[in-house]
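Each chain, written out:
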Amino acid sequence: MSHGHWRDVAHAVGLLGADGAVSSTIFAEMSALATRTGAINLGQGFPDVDGPAHLKDAAVAAIEAGHNQYPPGPGIPALLDAVAAHQRRHYGLEVDPRTEVLVTAGATEAITATILALAGPGDEVVTLEPYYDSYAAAIALSGATHRTIALRPSSEGFRLDPADVDAAVTDRTRLVLVNSPHNPTGTVLTRDELGAIARAAVRHDALVVTDEVYEHLTYDGVEHVPMATLPGMAERTVTISSAGKSLSFTGWKVGWLHARADLVTAVRTVKQFLTYVASGPFQHAVAVGLADEDGRTGEYVAGLGRSLQHRRDVLCEALVAAGFAPVAPRGTYFVVADGAGLGYPDAVDLCRDLPEKAGVVGIPVSAFCTPGGAVAEELRSWVRFTYVKREATLADAARGLARLR
Ligand SMILES: *Cc1c(COP(=O)(O)O)cnc(C)c1O
């Protein structure tokens, strides 16, 4: 008898106990702990300050103008145009807004709909590991098998080994799902690393799906290279992004993808029966932001990048002073740090004690790994913290962390 797909999802993310009981996620446990203890929540990655006022005004104006019913299934034309223009302006990619772009309920729906549309039982989907937690759940829903390529800490940040790419990507691989800039490690994949993935995908005729939600949030002059800009890759890449992280409106849930027209048709076929459409008035506001006709949004995003680079430095210094060994991230909202030096071989135990001992909350990196797998074991003592919080909040967190010494 069928047991329903929810068990596959719970199993894939490590929430199904041997007795069949389902536990809550470590994210929920840590957020509850933060609430109960009053600790600063550096576990969940969302900004504590809103995005730019002119885009809030645009959203209010869209509601006042009556854009309150179902928008068109593929997305409003102004946003489809703005996505295509954004890809041309930033990366020189030529995208047809009418056939090669799809607006989604955040990047999350774009990822899930793409996996459900393009992979199924008997297929393998390859991701980096650690990985954003929704990937394993979406792959489990599709019935495909999840394989991974490890990112390992080095003096050059978290890096992949091209030999691992060649081992993971085979003729069974249907999709390679790449996330750069990478959550949780903050790694920005180099052109060489992307090239190794691209060659393996071409060799085995796999498609590449890229999660680029942090595309504009890179630091130290490091450049984000979209997979679709590599020679021959535009035809076999589904590029996914979202307004949530770049514009600091994570609650608006406006995402998009672009790809070859037949791939967009395939994904839209699934997507239209997941949410059909979402975020009507917010699509109008994001269209204003992405088109950036007066340059105000670009100025905001550049300022956000500079500010996040500084906030990263503040948190990394505090972590070092507390006895953690962080690896400096080159992008995203996050830093991961080894807590073994604090006498905790398992970061789950450390994270349960941190609110009491330091007044902060973090997430064990094992939450982003295959339960019981080799990478979870290698990164067992590592913790992820976010620095997308006000400087005053990070200063409070730094004072708390200093108590660990
Ligand atoms: C936040 C995040 C997402 C989700 O984006 P939404 O637009 O909010 O759905 C997807 N991928 C990564 C890596 C993220 O960090």
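This structure is a prediction, so every number in the text was calculated from the model and none was measured.

Caption draft 1: Representation of the site of the ligand within the structure. Surveying the vicinity of the ligand reveals the residues G106, A107, T108, Y132, N179, N183, D211, V213, Y214, S242, K245 and K253. Between the ligand and N183 there is a distance of 2.9 Å, counted from an oxygen atom to a side-chain nitrogen or oxygen. Burial of the ligand by the surrounding chains reaches 94%, relative to a free accessible area of 390 Å². Of the residues forming the shell around the ligand, the biggest block, three residues, is contributed by helix α5 (residues 106-118).

Caption draft 2: Representation of the UniProt feature "domain: Aminotransferase class I/classII large" (unreviewed entry) in the protein chain in the model. UniProt annotation of "domain: Aminotransferase class I/classII large" (unreviewed entry) refers to residues 39-398 when read in the numbering used here. The straight-line gap between the two end C-alpha atoms of residues 39-398 is 12 Å; of that span, 42% is helix and 18% is strand.

Caption draft 3: Structural detail: the pairing of strand β9 (residues 237-242). Taking burial as the measure, the six residues of β9 include six buried ones, the bulk of the element. Looking at chain direction, strand β8 (residues 207-211) and β9 are connected through four bridges and run parallel. Counterpart to T210 in the pairing with β9 is T239. When β9 meets strand β10 (residues 254-258), the two strands line up antiparallel, connected through four bridges. Paired with S241 across the strands is W256, a residue of β10.

Caption draft 4: Examining the side chain of S248 more closely. Among the structural elements, S248 can be located in the loop between α9 (243-247) and β10. For S248, the contacting residues outside a window of four places in its chain are P47, V49, D50, G51, A243, Y300 and L304.

Caption draft 5: Structural view of the packing of α5 against helix α6 (residues 133-142). Here α5 crosses α6 at 30 degrees, and the two axes come no closer than 9 Å. Between α5 and α6, the angle falls in the class roughly parallel. α6 is crossed by α5, and the crossing has right-handed handedness. Mapping the contact onto sequence places T108, I111, T112, I115 and L116 in α5 and S134, Y135, A138, I139, L141 and S142 in α6.

Caption draft 6: Seen up close, the environment of P97. Mapped onto the elements, P97 comes out in the loop between α4 (77-91) and β2 (101-105). Each C-alpha atom, one on P97 and one on P71, is 16 Å from the other, the two residues being 26 residues apart in sequence. Setting aside its immediate chain neighbours within four residues, P97 contacts L80, D81 and A84.

Caption draft 7: Examining the sheet that holds strand β4 (residues 145-150) more closely. Strand order in this open sheet of seven strands is β2-β10-β9-β8-β7-β3-β4, and the pairing throughout is mixed. Among the strands making up the open sheet, the edge pair consists of β2 and β4. Within this sheet the neighbouring strands show an average axis-to-axis angle of 25 degrees, counted without direction. Running at roughly 110 degrees to β2, α4 makes contact with β2, β9 and β10 of the sheet. Packing against the sheet, helix α11 (residues 280-291) makes contact with β2 and β10, and its axis sits at approximately 65 degrees to β10.

Here is what the cut-offs are and how they apply
Residues numbered from 1 in each chain as written. Predicted model: local features only at pLDDT ≥ 70, side-chain atom pairs only at ≥ 80, totals over all residues. Heavy atoms only, no water. Near = heavy atom within 4 Å. Polar contact = N/O pair within 3.5 Å; in protein donor to acceptor, adjacent residues only side chain to side chain. Areas by Shrake-Rupley, 256 points an atom, 1.4 Å probe, with all protein chains shown as cover. Helix = DSSP H or I, 4+ residues; strand = E, 2+ residues; numbered from the N terminus. UniProt positions renumbered as here; feature names shortened; annotations may be inferred. Buried < 20%, exposed > 50% of the residue type's maximum accessible area, 1.4 Å probe, protein only. Pairing = 2+ DSSP bridges. Contact = heavy atoms within 4.5 Å. Axes fitted to C-alpha atoms, helices over the stretch in contact; angles between N-to-C directions. Parallel < 35°, antiparallel > 145°, perpendicular 65-115°, else oblique. Left-handed = near helix turned anticlockwise from the far one by under 90°.

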